[in-house]
Amino acid sequence: MMGIDQSGWITKFSAVVRYELLWNIRKKKFYGILIVAFALTTLALAGSHIQSAITGDPVELNPDFVIDSNVGLGGFGFFLFAIVTVMNSISGEFESGTIVPLLAKPVSRTTVFLGKLFAAFLTLLVTYSFLMIYMTIGGFLIYGPQNNLHLVPLSLLGALFSTLIWISIVLLFGTLFRSSLIAALGALGIWLGTNIIGSIIGILAGQGWILTYIPGSGNSGSVGGNPLVGTPVSTGTDNIGPNLINYILHPSWNVTYYKIDLIQSSQGMPVWEALNTELLSTVVLTSIAVALIYFIVFVTISWFVFRRAQITE
Amino acid sequence: MDLAVEVSNLTKRYGSLVAVDDLDLEVKLHTIHGFLGPNGAGKTTTIKMLIGLLKPDSGLVKVLGQELDWDKPSLRTNVGYMPELPKLPKYLKGVELLDVYGRMFGMSKEKRESQSRELLKLVGLEGRGDDLVGTYSKGMQQRLGLAQALLNEPKLVILDEPSLGLDPIGMVEVRDIIKKLAKTDITVFLSSHLLNEVEQVCSHITVIDKGVALASGSIEEISSKLKAPLEIEAEVDNLSEAVIGNLKKLSFVKDVFEDGNSLRIKLGTREDVRSEVSQAISSGGGIILSINLKGGSLEDIFLNLFAKNKGGEQ
């Protein structure tokens with residue numbers, strides 16, 4: 001056949017990546033969340049200036065601003081970026097019927113699935129990189145020369161890893177139910193469950209260790225005193241970046257977990273009861289292992305379901 | 001290998017509904033094969049099994065000599081497929097879509113560019129390639145759907161209702177494209193419920209209902225098997241009411257259609273009655289320029305088959 005070569009897997013894989021990237025960069029909701037992310041980052045940068053305008057105190061230089069602020073990205077941000085990047089990736093193809101001409105091409109479903117996943121990763125890599133460069137330059141201009149800038153890429157890596165967990169959850173719902181709405185709402189349910197309800201259970205019942213083994217913000221502990229006076233540390237998959245940086249800067253940190261003593265606290269100030277202590281290195285390793293296991297399990301289930309899907313659309 | 005598609009004992013169920021029931025089908029290479037049936041007959045389900053979009057419950061499917069295996073991409077390398085009312089990604093431009101699909105076929109950059117240019121021109125979308133698919137009308141999306149099906153210069157093109165949603169001019173244009181394909185080496189498997197369209201472009205047909213093939217073969221073979229009534233087509237000068245009146249008096253003439261100098265005479269017999277017809281025309285003052293005996297129309301074949309099928313059920 002003239003003009004056709006039996007090209008390799010890489011060519012077909014990159015064709016799917018291109019197909020998905022062209023789709024991603026033209027989504028209006030993607031630009032919406034990007035504008036919100038830049039607005040929030042700007043707000044974080046301008047925070048001390050706003051405070052200064054209110055209190056009249058001068059803005060102080062802070063050489064750790066960029067690293068301490070995790071370059072402007074956090075749990076709900078990861079969740080939102082995951083939603084807008086992949087909520088339509090597979091379910092949208094089924095809903096719109098575009099899955100039919102796509103799967104009629106000589107590309108295996110595994111290639112299509114992996115291509116879409118990689119395109120989501122690339123989209124986030126570029127987006128987060130821009131945000132981090134913006135935050136770093138902004139931090140330098142507003143708060144003076146910054147320390148430990150060599151750790152910024154680690155923060156980027158952590159942010160990507162944390163978002164991939166949410167991506168795998170959104171993909172799982174999208175593939176199982178072939179509905180973008182269920183993909184978004186299902187993931188939102190898990191986010192709310194782990195972050196809000198989970199935190200309440202952790203603080204009040206002292207059973208926060210459970211949260212260490214599920215995706216999200218994880219258990220809350222602190223270093224150097226109870227949560228009111230110490231440095232807070234969250235153990236979950238949303239905090240891999242900051243925890244990695246903290247471990248590199250403070251390898252001997254121990255994280256102590258507390259619960260509120262409800263009986264004594266009812267008489268005045270909250271009374272914290274220390275439960276247990278563990279090394280920060282253990283926290284980091286556990287969160288990475290948990291993230292990896294969930295990512296592999298969710299992505300494998302999604303791939304398996306997609307590969308066997310009957311295209312009735 | 002002289003078959004483009006070979007299907008035997010193919011069955012597909014959706015719960016208790018049997019969409020395709022023990023279907024046998026053969027599509028010869030280098031033919032235009034019509035796949036006819038009413039809505040819900042199982043045409044699209046069968047096609048989706050040929051492409052690997054649906055997994056058969058049982059049966060054997062061979063496409064271009066290769067046995068179908070679940071999610072076997074190489075099977076589709078030489079196959080072009082235009083789905084019924086194709087849904088194409090609206091975020092891509094026309095040329096981007098053809099370029100990405102071309103990459104999936106492993107086509108070189110030069111080939112992708114030249115094919116895109118040629119095909120957009122062929123389907124009447126020249127000058128609209130840089131617009132987003134989302135801005136295309138339904139008819140334009142249908143045309144783009146046809147272009148992407150021909151992108152890889154396939155050996156087999158499967159077209160599922162290619163004229164659906166097109167205006168009359170678009171339908172004629174699509175038909176002309178299919179006729180052009182007939183002059184090449186390409187095999188076309190055309191699913192349609194438009195008998196007129198199939199009659200104009202197809203040499204072979206398979207008629208399907210409720211997932212079962214009622215008949216398959218060349219139109220002449222099926223017509224002969226079914227003993228469908230014949231037709232006479234004649235070109236006549238001095239065509240007058242007297243000629244039409246004489247023809248209608250003949251006992252074996254069921255109906256007469258007049259279009260300028262052309263006459264189409266539907267017969268109630270399979271006998272060659274051209275001499276009697278010629279005599280009736282001449283005695284009415286008509287001058288016969290040509291007179292031909294034709295097989296039954298596709299409409300007759302179709303109605304005949306469904307009448308038999310219904311009779312068989314009762």
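In this convention, every chain numbers its residues from 1, walking through the sequence in written order. Here chains are named by letter from A upward and ligands by number from 1 upward, in the order in which they appear as written. With the structure being a predicted model, the display of local features is reserved for residues of pLDDT at least 70 and the display and counting of side-chain atom pairs for 80 or more, all residues being used for whole-chain, interface and lining totals. Each side-chain value is derived from all of the structure's non-hydrogen atoms; neither hydrogens nor water enter the calculation.

## Brief notes about the overall build of chain A
As a reminder, the rule being used: Put simply, DSSP H or I for four residues or longer makes a helix, DSSP E for two residues or longer makes a strand, and each gets a number counted from the N terminus. Burial classes follow relative accessibility: with a 1.4 Å probe on protein chains only, a residue under 20% of its type's maximum area counts as buried, one over 50% as exposed, and anything between as partly exposed. Pairs of residues are marked as contacts when any of their non-hydrogen atoms sit within 4.5 Å. Only the protein chains shown count as covering a residue, and every accessible area follows the Shrake-Rupley method with a 1.4 Å probe. Neither His nor the chain termini are counted; the positive set is Lys and Arg, and the negative set is Asp and Glu. Note that the charge is assigned to NZ on lysines, CZ on arginines, CG on aspartates and CD on glutamates.
Broken down by element type, chain A carries twelve helices and four strands. Referenced to the eigenvectors of the C-alpha coordinate spread, the extents of chain A come out at roughly 80 × 45 × 35 Å. For chain A, the residues scored as buried account for 51% of the 313 residues in total. Relative to all contacts within chain A whose residues are 6 or more apart in sequence, the contacts with residues 24 or more apart total 74%. Carbon and sulfur atoms provide 70% of the accessible area of chain A, an area that totals close to 14,000 Å². Seen as two clouds, the 13 positive and the 13 negative side-chain charges of chain A have centres 23 Å apart.

## Details of the overall build of chain B
A tally of helices and strands in chain B yields ten helices and 14 strands. Dimensions along the principal axes, computed over C-alpha positions, put chain B at roughly 70 × 50 × 35 Å. Looking at the 314 residues of chain B, the share that counts as buried comes to 54%. Total accessible area on chain B stands at roughly 13,900 Å², and carbon and sulfur atoms take up 48% of it. Averaging the coordinates of the 39 positive side-chain charges in chain B and doing the same for the 45 negative ones gives two points 4 Å apart.

## Some details on the side chain of A:Arg109
Formally: Under the rule applied, a polar contact is a pair of N or O atoms within 3.5 Å (in protein, one hydrogen donor and one hydrogen acceptor; residues adjacent in sequence only if both atoms are side-chain atoms).
By secondary structure assignment, the location of A:Arg109 is in helix H7 (residues 109-143). Within the structure, A:Arg109 has its side chain in polar contact with the backbone oxygen of A:Ala309 (distance 2.4 Å).

## Some points on the interface of chain A and chain B
The criterion, for reference: Buried area, as used here, totals the accessible surface that two parts lose on assembly, with accessibility defined by a 1.4 Å probe and the loss added over both. Whenever a carboxyl oxygen of Asp or Glu lies within 4 Å of a side-chain nitrogen of Lys or Arg, that contact is scored as a salt bridge. Gly counts as polar in this scheme, as do all residues outside two lists: the nonpolar Ala, Val, Leu, Ile, Met, Phe, Trp, Tyr, Cys and Pro, and the charged Asp, Glu, Lys and Arg.
Counting residues at the interface gives 38 residues for chain A, matched by 39 residues for chain B. Summed over both partners, the interface of chain A with chain B buries about 3,500 Å², with 62% contributed by carbon and sulfur atoms. Remark: the boundary between chain A and chain B carries two salt bridges. The shortest N-O distance in the salt bridge between A:Arg26 and B:Glu96 comes to 2.7 Å. For the interface between chain A and chain B, the tally reads eleven residue pairs in polar contact (both at pLDDT 80 or more). Contributions of two or more residues to the side of chain A that touches chain B are made by helix H1 (9-24), helix H6 (99-103), H7 and helix H12 (280-308) of chain A. Taken together, the residues of the side of chain A that touches chain B sort by class into 17 nonpolar, eleven polar and ten charged.

## Thoughts on the environment of B:Val273
All names here are of chain B. Within the element layout of this structure, Val273 appears in the loop between strand E13 (262-267) and helix H9 (274-283). Residue Val273 is classed as buried on the basis of its relative accessible area of 5%. Val273 sits 21 residues away from Phe252 along the chain, and the two C-alpha atoms are 8.7 Å apart. With near-sequence residues (within four places) excluded, Val273 lies in contact with Ile232, Phe252 and Leu267.

## A short note on the sheet that holds strand E1 (residues 220-223) of chain A
Residues and elements named next belong to chain A. Basically, it comes down to this: Two strands form a pair only when DSSP identifies at least two bridges running between them. Axis definition: a line fitted to C-alpha atoms, over the contacting stretch in the case of helices. Angles run 0 to 180 degrees between N-to-C directions.
The strand order across the open sheet formed by four strands is E2-E1-E3-E4, and the pairing between neighbours is antiparallel. At either end of the open sheet lies a strand with only one pairing partner, and these are strand E2 (231-234) and strand E4 (272-279). Neighbour-to-neighbour, the strand axes of the sheet open up by a mean angle of 40°, direction not taken into account. Both E1 and E2 contribute to a ladder of four bridges, which runs antiparallel. Bridge pairing links Gly221 to Val233 in E2. H12 contacts E2, strand E3 (254-260) and E4 of the sheet and is inclined by roughly 75° relative to E4.

## Digging into the packing of aromatic side chains
Using the following cut-off: Stacked, edge-to-face and tilted labels apply to pairs of Phe, Tyr and Trp rings (six-membered ring for Trp) whose centres lie within 6.5 Å, assigned for plane angles under 30 degrees, over 60, and everything in between, in that order. Note on criteria: charge over ring means Lys NZ or Arg CZ within 6 Å of the ring centre, with the direction from the centre no more than 35 degrees off the ring normal.
Per the stated rule, a full pass over the model turns up 18 aromatic pairs over all chains. Each ring, one from A:Phe81 and one from A:Tyr128, has its centre 5.4 Å from the other, and the planes form 85°; the classification is edge-to-face. Of this pair, A:Phe81 sits in helix H4 (residues 75-86) while A:Tyr128 sits in helix H7, placing them 47 residues apart in sequence. Residue A:Phe81 is classed as buried on the basis of its relative accessible area of 2%. What makes A:Tyr128 buried here is its relative accessible area of 0%. Taken together, the aromatic side chains of A:Trp9, A:Phe13, A:Phe118 and A:Phe121 make up a single cluster linked through ring pairs. Of note, A:Lys105 hangs over the ring of B:Tyr101, and the distance from its end group to the ring centre comes to 4.1 Å.

## As for a negative patch on the surface
Residues and elements named next belong to chain B. Applicable threshold: Patch membership is restricted to residues that have no salt bridge and whose relative accessible area is over 30%. Joining uses 9 Å for like charges and 5 Å for the nonpolar side chains Val, Leu, Ile, Met, Phe, Trp and Tyr.
A contiguous patch of negative charge, built from Asp2, Asp21, Asp22, Asp24 and Glu26, is present on the exposed surface. Its location among the elements puts Asp22 in strand E2 (residues 17-28). When its relative accessible area of 43% is taken as the criterion, Asp22 is described as partly exposed.

## Quick notes on the pattern of salt bridges
Inspection of every chain in the model, using the stated rule, returns twelve salt bridges over all chains. The partner of B:Lys111 in a salt bridge is B:Glu153, with the nearest N and O atoms 3.3 Å apart. Of this pair, B:Lys111 sits in helix H3 (residues 109-122) while B:Glu153 is found in the loop between helix H4 (138-150) and strand E7 (156-160), placing the two residues 42 residues apart along the sequence. The exposure class of B:Lys111 is buried, given its relative accessible area of 13%. Of the charged contacts, one joins B:Asp131 and B:Arg128 as a salt bridge, the two residues approaching to 2.4 Å between their closest N and O atoms. With relative accessibility at 27%, the residue B:Asp131 sits in the partly exposed group. For B:Arg128, a relative accessible area of 29% corresponds to the partly exposed category. Three or more residues joined by partner-sharing salt bridges are found here, namely A:Arg18, B:Asp99, B:Arg103 and B:Arg112.

## Overview of a nonpolar patch on the surface
All names here are of chain A. Together, Leu192, Ile196, Ile197, Ile200, Ile201, Ile203, Leu204 and Leu262 line one region of the surface with nonpolar side chains, adding up to about 680 Å² of accessible area. Element by element, the count of residues in the nonpolar patch is highest for helix H9 (residues 180-205), at seven residues. Residue placement: Leu262 occurs in helix H11 (residues 262-265).

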